[in-house]
Amino acid sequence: MITASRYITTLCAIGLLGVASGCDAEAEPSTANTDEDMGFRLALSNGLALSNGLSLSNGLALSNGLSLSNGLALSNGLSLSNGLALSNGLSLSNGFMTSDAGRKLVKYMTECALPAGDTLVKGNYTFHGLVGLAPEWKYGACDTDCQEWVSACLLARTNEYGVQVTIDMRADHNAIGLGASSEFVVQEAAFYGNLFQNPPTAYSCRGIDWGWGVRQQRTCADEDSDCGMQNDLGDCSWGCAQYSGIFEDCSHEYAGAETHQNVVTTYLPYVPF
């Protein structure tokens, strides 16, 4: 849970009435909370600007054998009980490491799990850390929290069209943080679930400004998208709590009535059209 010092209540963020300025999906996004310089976002634990592009055709795709009908750790050379750096944690001889598509998934997975400056060496391949949501997975087991944080990161970086769009991820996690940005002011969506369990779960919901994300070809917050995620919830405010500009404690019937605390909220830069 977020500490009280980070708790902020905003009428527009709740969006139940949909009448406050900036609450409409087509309205110009609010530029509130822009007093922090985000030039060193990771060092300040105030968010992390990333390029997405883990598209269905190149990553979590049904067409390339990385089927979402089964958990990512099922018969894919990946073990959650052992560290990624170990041969019995991520195999070189079968599963993900034996195909270009699989290695791309490992690349994104490593970026989400390991921090910047750390690397994962598998045979002739070197994968670089970036976010650091689950550093313990390099040499140890990946528990439920580890699985959910890495999953949320992977889902947040999924793009239906494979287009490179820079996103700002925020969460109640020390590796990412809650800080606002003067550049990333479009609250796009929230992502959560567990891609490693069998069957996997993948959820998204709409932020206040999700319509602006669609205009930038970020469509996975839209229930009509073909991203492979379940987003029948619609607006995040209908099933999630919001604190300091991020969503968490998402609980709704579509998510099996469970409360999901490990949630990544995404922001985009404002691009005029």
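So, how was this worked out
- Residues numbered from 1 in each chain as written.
- Predicted model: local features only at pLDDT ≥ 70, side-chain atom pairs only at ≥ 80, totals over all residues.
- Heavy atoms only, no water.
- Phe/Tyr/Trp six-rings, centres within 6.5 Å; stacked < 30°, edge-to-face > 60°.
- Buried < 20%, exposed > 50% of the residue type's maximum accessible area, 1.4 Å probe, protein only.
- Helix = DSSP H or I, 4+ residues; strand = E, 2+ residues; numbered from the N terminus.
- Lys NZ or Arg CZ within 6 Å of the ring centre and 35° of its normal.
- Disulfide = S-S within 2.5 Å.
- Salt bridge = Lys/Arg side-chain N within 4 Å of Asp/Glu carboxyl O.

Some points on the packing of aromatic side chains
Logical step 1: Applying the stated criterion across every chain yields a total of 4 aromatic pairs.
Logical step 2: Between Tyr125 and Phe127, the aromatic rings sit 6.5 Å apart at their centres with planes inclined by 20°, giving stacked as the arrangement.
Logical step 3: Residue Phe127 is classed as buried on the basis of its relative accessible area, which comes to 7%.
Logical step 4: Centre to centre, the rings of Tyr192 and Tyr203 are 5.4 Å apart; their planes meet at 25°, and the pair counts as stacked. A residue pair is termed long-range when its members are at least 10 positions apart, and Tyr192 in strand S5 (residues 184-194) and Tyr203 in strand S6 (residues 201-206) qualify at 11 residues.
Logical step 5: Note on Tyr192: relative accessible area 0%, which makes it buried.
Logical step 6: On the basis of relative accessible area, Tyr203 is assigned to the buried category, the value being 7%.
Logical step 7: A cation over an aromatic ring shows up here: Lys107 above the ring of Tyr108, its NZ or CZ 4.7 Å from the ring centre.

Re the state of the cysteines
Logical step 1: Evaluated as defined, the whole model comprises 5 disulfides.
Logical step 2: Disulfide pairing places Cys142 opposite Cys146 at an S-S distance of 1.9 Å. Across the S-S bond of Cys142 and Cys146 the torsion is about -100°, and the bridge reads as left-handed. Cys146 shares its class with Cys142; the two are buried.
Logical step 3: There is a disulfide in this structure between Cys220 and Cys227, and the S-S distance comes to 2.1 Å. Residues Cys220 and Cys227 are joined by a disulfide whose S-S torsion is about -85°; by sign, that bridge is left-handed. Both residues of the pair, Cys220 and Cys227, count as buried.

Side note on the pattern of salt bridges
Logical step 1: In total, this model carries 7 salt bridges according to the counting rule given.
Logical step 2: Of the charged contacts in the structure, one is a salt bridge between Asp118 and Lys138, with a shortest N-O distance of 2.7 Å. Here Asp118 is found in the loop between helix H3 (100-113) and strand S2 (119-122), whereas its partner Lys138 is found in the loop between strand S3 (125-128) and helix H4 (144-156), with 20 residues between them in sequence.
Logical step 3: Residue classification places Lys138 among the buried residues on the basis of a relative accessible area of 12%.
Logical step 4: Notably, a salt bridge pairs Asp168 with Arg170, separated by 2.5 Å at the nearest N-O pair.
Logical step 5: Of the residues examined, Asp168 reaches a relative accessible area of 0% and is grouped as buried.
Logical step 6: The exposure class of Arg170 is buried, given its relative accessible area of 4%.
Logical step 7: The network of salt bridges with common partners includes Lys107, Glu111 and Arg157.

Keep in mind that these numbers describe shape and distance, not what the molecule does.
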